[in-house]
Structure formats: C-alpha cells, structure tokens
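One letter stands for each residue in the lines below.
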Amino acid sequence: MLGRGRMFKHNHSHRQPGLFGIDAQLTEPQRGRLLRTWGAAFYDLVFSRIDESIFEPLYMGGRGRPNAPVNALAAACVLMHHNGWTVDELREQVEFNLVTRKALGLDNLGDAPFCRATFFNFQSRMHMHFLRTGENLLGKLFDVLTARQLKELGVKTGVQRADSFQAMSNIAKLSRVQLLIEVLSRLHRRAAAEGLDPVSSVTAPHAAEPSRRQVYKLRGEDAPAKLLELSDAYAKAAAAVRSLSAERLDALAGVELEAFSRVFSEQFREVAGGLSPKKPVDVGSGSLQSPDDLDATYRVKSGKEFRGQVVSVAETADPGNAFNLVVDVAVAPNNVDDSRILAGRLEAMKAKTPDLAELHTDAGYASPGNDAAMEKLGVTHAETAVKGRKAMVPIHMDKNVLGGFDACCPRQAAVCRPCARGGWKAVFDRRACADCPMSADCPAPPDKAGDRVFRFDAARAAANERARNISKLPPERRTIRSNVEATMKEFTAGFNHKGKLRVRGAFACALYAFSTAVGINFGRIHRHLAAGDGGGRAPALGMVAGNMPEMRDQGDIVAKTQEKRTYAPIPARLNASVLANPSLWIEFMARSMLSNRLPAAA
C-alpha cells in the first residue's frame, strides 16, 4: 500500500553473484556470448550506476518491510519504454529472458525483483512525489547519469541542437457531443456507486447506453438540438452537486467530478434561465479532450490534429564528437510554443552544460525573450528554417560596443540614431541611393530630406542578427541541426501502431521521455564502445576515461563481477580433510562444477 511506511534499503545483492547462479550453469562459450550482449552492457553502463538514494524520498521511515530493489524498478522502467514493451511484456522478459535478467543484475533464475503491483506502486509513488514537490525523480536520474557519461567519455557540449515532437496520448478522439455524454455517464456511475441519488437521478438518462452508441444513432442535423439538451442536463447536474453536503461532496470527489467541473466551465456559459453551449471558436485548445486524460491538450500542426503533450529534446552536436548524447528533455502541453519551452529551459541547460555556446534550432524556438536570455548567457542562437519572406534588399543591424547599433545595406553603411518616440532609425545617404539598382525594392522609404530611413527596435535587430548567425559559422557547422530528426525518430520508435504513446497523462509521458532518453544514450555509448573494442564486449566507462571506478561509490561500475571468474586449483583427488569438513566439501563441488570437471574418487 502506498500509505504504509517502508524502510529504505539499498540493493547490493547484484554485486556478488552466487556460486550456483546463471553464469555457473552456462558453458564457457555461452558465458562469453552473454557478456557480449546488450544486457551485460546495460548492467555496466546503466544499472550499476543508478544512485538509489535519488528515490529514497519515496519511502517513509519506519519498521515496515524494506522496499523492493529500486535500481531494478528504475532500470525496468527504462527498458520497458525504450523497447516499447507493455507491462506484461516487461514481466515476461524479466522472467524468461537471460539477457534482460543480466541487464537487471539478476544472477539466480529464481530471483523475482518485483511483481506487477510493486512496479505500478513505484510509478504511483513517483507521481505522488511529483505532485507534492514538482520534481520528477526519473528525470533527476537521467540528469545524474548523463552528467557522468559526458564527463567520463569527454563528450563536448559547447554545440547543441534542439527539436520537439508531438506525443499523442493513448486516448480516443471524441466529438464534442460524445465528450459531453461520456463525462455525464461517468459522473452518474460514480454517484450511483456512492449512493448519491440527487446526482445519479438527473444524469441517468444519459448513461443508459455507451456514449459511442448514442452518437452513432445521432444524425448530423440533430446535433444542435442534442447540445441544447445536454446543456439542460449539465445545469441540473451542477445544481444537484451544489446541493450536496460537504461530507457527501467529498465522497464524490475524484477524476469524474473534476472532468465534469472542467467541461461545465469550458463548454458552457451561464445565461438567464440556464446554460448555453459556447461557440466552437470560444472553446480553447486547453479544454478537456478526454475524461481518460485530464492533461491532454489540442493542437493542429502541418494540417494534422494532435491530442496530448509535446516533448522538447536537446542533444550535443559538436562535429568533433565521435557520438552525441541527449542532455535535456522537457515535457509540456502541446499547445505551448517551442519558444516558451526553451525560455523555461535555457538556464537549466546552461547549468547542466556550462560550456554551452551555440544552440541550433528551427525558427519555432526563436523569440525576443530568448534572444535576450541567450545574449545574457553567452549562447549564440543558430536558427534554420527562418520564418517569413526573404528580403529583396537585406539590411543588417548589429549591436555595437557603445550600446547602440550599426546598420548597412549591400551598398553603404548607415548612420543610426535613436528615435524620439522610441526605437532606432538607420539613415542612408541619398547620394549613394540615387543610382542604386535595388531602390525599387528597398525597405527604407525616403524622408522629407530625400534620405532613405529604416526604422527598427532592439527586438528586430536581435532577430536580424539571429537570422544571420548561421552564415557566420564554418560550413561544417551550418547543417548540424538537420540530424536531430534522427533523434526524434528514436524517441517516437516506441509509439503504438496509431502513432500514439502507450500511456496517458503528462506524468506518464514524462516517464516515457526520460526513460527513452536514458535508453538512447545507453545505445549510443554501447555501440561506440563495442566498435572500439573490435565488436566485443563494451569496456567499462571508467576504464575508457582513464579513471579507475571506486568500488565504494554507489554509482560506479563494478566490472569485476562481470569478468571471467578464476578459482584456486582443484586437487585431483579428494583428501580426508575435505571430506571431513562439510563447508570445504560444498566449496570443492562448486568449483568442480564451474570447471566442468567431476572430482575423482579417493
């Protein structure tokens, strides 16, 4: 139970394999092949590095049972989302796949690190912690793992690229009428279960049949009348809810009442004599999309409808890197613009990667606020796919060391002066403009004196400079952003056949995003190290970086437990001292089994 106290306890059992574990039951060639699988690499690169103390706040102090192995639960969450498994498929993999068991540090076939209920409770605890504190512990684990990987592998973080993808929630697309009926129907079922007759009686007529069947029978021309009928039903249901006592209202509290309250305020307006449905244009994109996901929002992008969240991702992109790692993940409602997401992440990105100096994005991430923030943080914004038409006669504006601006066109430099009403104006000499072949397309109109004047403000100058940043870079760095699309493809690989997440809700979407990011980074590191090792088993990260892992450190890799075991020589025959001591006899037999030798009789 979530409310019952549990004693927090670290899991160290995986560090010392048993004498009769999986490795002991395999032949030497089988053990070698197992050590070359992704499971052994995952154990080294991820599982052994999970700092379980991150999740300690989930378990209250007390004298209850200790928690299930937290590193196994967190690692299983990563594997499930990264591989696109359902919970049942995850359970099957953990129970019957030796490679998956190797990844989770399970050395005994009889070991069961957690059951289905424990796995769901772990996610519920993380969700409750997020609601209380705003901290996503799996996101914190991603940050900790990534920081160590960047440091130990020497991945350069000065150049990064960012993009976003739509994460559609696993909910059905409901019409407006079906949404109203479904919410009423669920409120009725909850009220009937709690014995709240005033509410259940007024909602009963709309719960007699499933909402989809009611909508199926409805003809298009009857939809307006049905909306008016539902308006009356919502007015009566709201009056019934208001009439409940505080105690009975607490019994009705839950997602059903929350969904009803949202639909009541988002879809209707109160008028004299009851309710009136709002016009479709007056219903915002943040309105309830489904009672199954209270967090999902609505967005149309490139002519396609999306209901769910948006995930923004940043990764390293320095041309000198042998491979790149995902360094930042952010989840937001999908009706939030990319520029607003970046505005909320810039300081965090700079804190995690202090040498960030160049960020490549598309035009969706640009805004005057972000221009100012990047200038303050010392980050150059390299923008591609710039919005708007290309200027026939470009005018460049640059901030100078005196706090003013310099401006020029293809033929001459202008004199920039502040305007009395705010902003700046660039004045071009009329003598140089007289014979200019581009005068017909010039964006600077002539003033009363005949000089051409171009007016601008600081925000326009910053946007102008941002648009030109890409041309100032070396040719090899001008097309860096395009490869981020491959990373987006990796993130969406776990979607179902309808292009949706397998889960619902903003928090579940965040778990998917952070778990997938950990998995993507693991895959890139594993492939890089395996290629450098001639296709064999990937060496430990600490060895690659030239740093010997400290055995006492919770997060360090314990590579020794994965290498080939060596044992003391086995005597050719049993002697009396061995036979007389049971513990020596057991050890003798174990060593004999591991060496595929049978002891000779005395």
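This text goes with the structure placed above it.
Residues numbered from 1 in each chain as written. Predicted model: local features only at pLDDT ≥ 70, side-chain atom pairs only at ≥ 80, totals over all residues. Heavy atoms only, no water.

> Any chance you could break down the environment of R411 for me, citing the residues and the numbers?
The topology assignment puts R411 in the loop between β10 (405-408) and β11 (413-418). Accessibility expressed as a relative area gives 42% for R411, which makes it partly exposed. R411 has contacts with A432, D435, C436, P437 and M438, leaving out every residue within four places of it along the chain. Polar contacts involving the side chain of R411 include one to the side chain of D435, which spans 3.2 Å. (Helix = DSSP H or I, 4+ residues; strand = E, 2+ residues; numbered from the N terminus. Buried < 20%, exposed > 50% of the residue type's maximum accessible area, 1.4 Å probe, protein only. Contact = heavy atoms within 4.5 Å. Polar contact = N/O pair within 3.5 Å; in protein donor to acceptor, adjacent residues only side chain to side chain.)

> Can you tell me about the pattern of salt bridges, naming the residues and giving the values?
Under the criterion given, the structure shown has 36 salt bridges. Taking the shortest distance from any N to any O, the salt bridge between K217 and E209 comes out at 2.8 Å. According to the relative accessible area criterion, E209 is partly exposed, its value standing at 26%. The partner of D429 in a salt bridge is R431, and the shortest N-O contact between them spans 2.8 Å. According to the relative accessible area criterion, D429 is partly exposed, its value standing at 28%. Among the charged side chains, a salt-bridge network with shared partners connects D143, D328, R345 and K352. (Salt bridge = Lys/Arg side-chain N within 4 Å of Asp/Glu carboxyl O.)

> Quick rundown of the environment of V336? Include the residues and the values.
Looking at the secondary structure, you find V336 in the loop between β6 (326-333) and α15 (338-352). Residues V336 and R299 lie 37 residues apart in sequence; the distance between their C-alpha atoms is 9.2 Å. Aside from chain neighbours lying at most four places away, what touches V336 is R299, V310 and I341.

> Account for the packing of helix α8 (residues 137-153) against helix α20 (residues 506-532), naming residues and giving values.
Packed helices, taken two at a time, are described by their axes: the angle between them and the distance between them. Relative orientation of the contacting elements α8 and α20 amounts to 20°, with a least axis distance of 9 Å. By the angle class used here, α8 and α20 are roughly parallel. As α8 packs across α20, the resulting crossing turns out to be left-handed. On α20, the residues touching L138, G139, F142, L145, T146, Q149 and L153 of α8 are L511, F514, S515, A517, V518, N521, I525 and L529. For the contact of α8 with α20, the residue count by class is 10 nonpolar, 5 polar and no charged. (Axes fitted to C-alpha atoms, helices over the stretch in contact; angles between N-to-C directions. Parallel < 35°, antiparallel > 145°, perpendicular 65-115°, else oblique. Left-handed = near helix turned anticlockwise from the far one by under 90°. Nonpolar A, V, L, I, M, F, W, Y, C, P; charged D, E, K, R; others polar.)

> If you had to explain the layout of surface pockets to someone new, which residues and values would you point to?
The space that makes up the largest pocket amounts to roughly 770 Å³. Surrounding the largest pocket, 29 residues form its lining, H127, V503, R504, G505 and A508 being those nearest its centre. At the level of secondary structure, the elements contributing two or more residues to the lining of the largest pocket comprise α4 (70-83), α7 (116-133), α14 (255-267) and α20. (1 Å grid on protein atoms, 1.4 Å probe; cavity = no way out; pocket = protein on both sides within 12 Å on 5 of 7 lines; lining within 4 Å. Points joined across faces, edges and corners; volume = space filled by probe spheres on them.)

> Give a detailed account of the pairing of strand β8 (residues 380-384), specifying residues and quantitative values.
Counting buried residues along β8, 4 of its 5 residues qualify, which places the element largely inside the surrounding structure. Relative to β8, strand β7 (residues 358-362) runs parallel, the two sharing 5 bridges. Bridged to T361 within β8 is E383. Each parallel crossover has a hand, and the one from β7 via helix α16 (residues 368-377) to β8 is right-handed. (Pairing = 2+ DSSP bridges. Right-handed = clockwise from strand over helix to strand, strands pointing away.)

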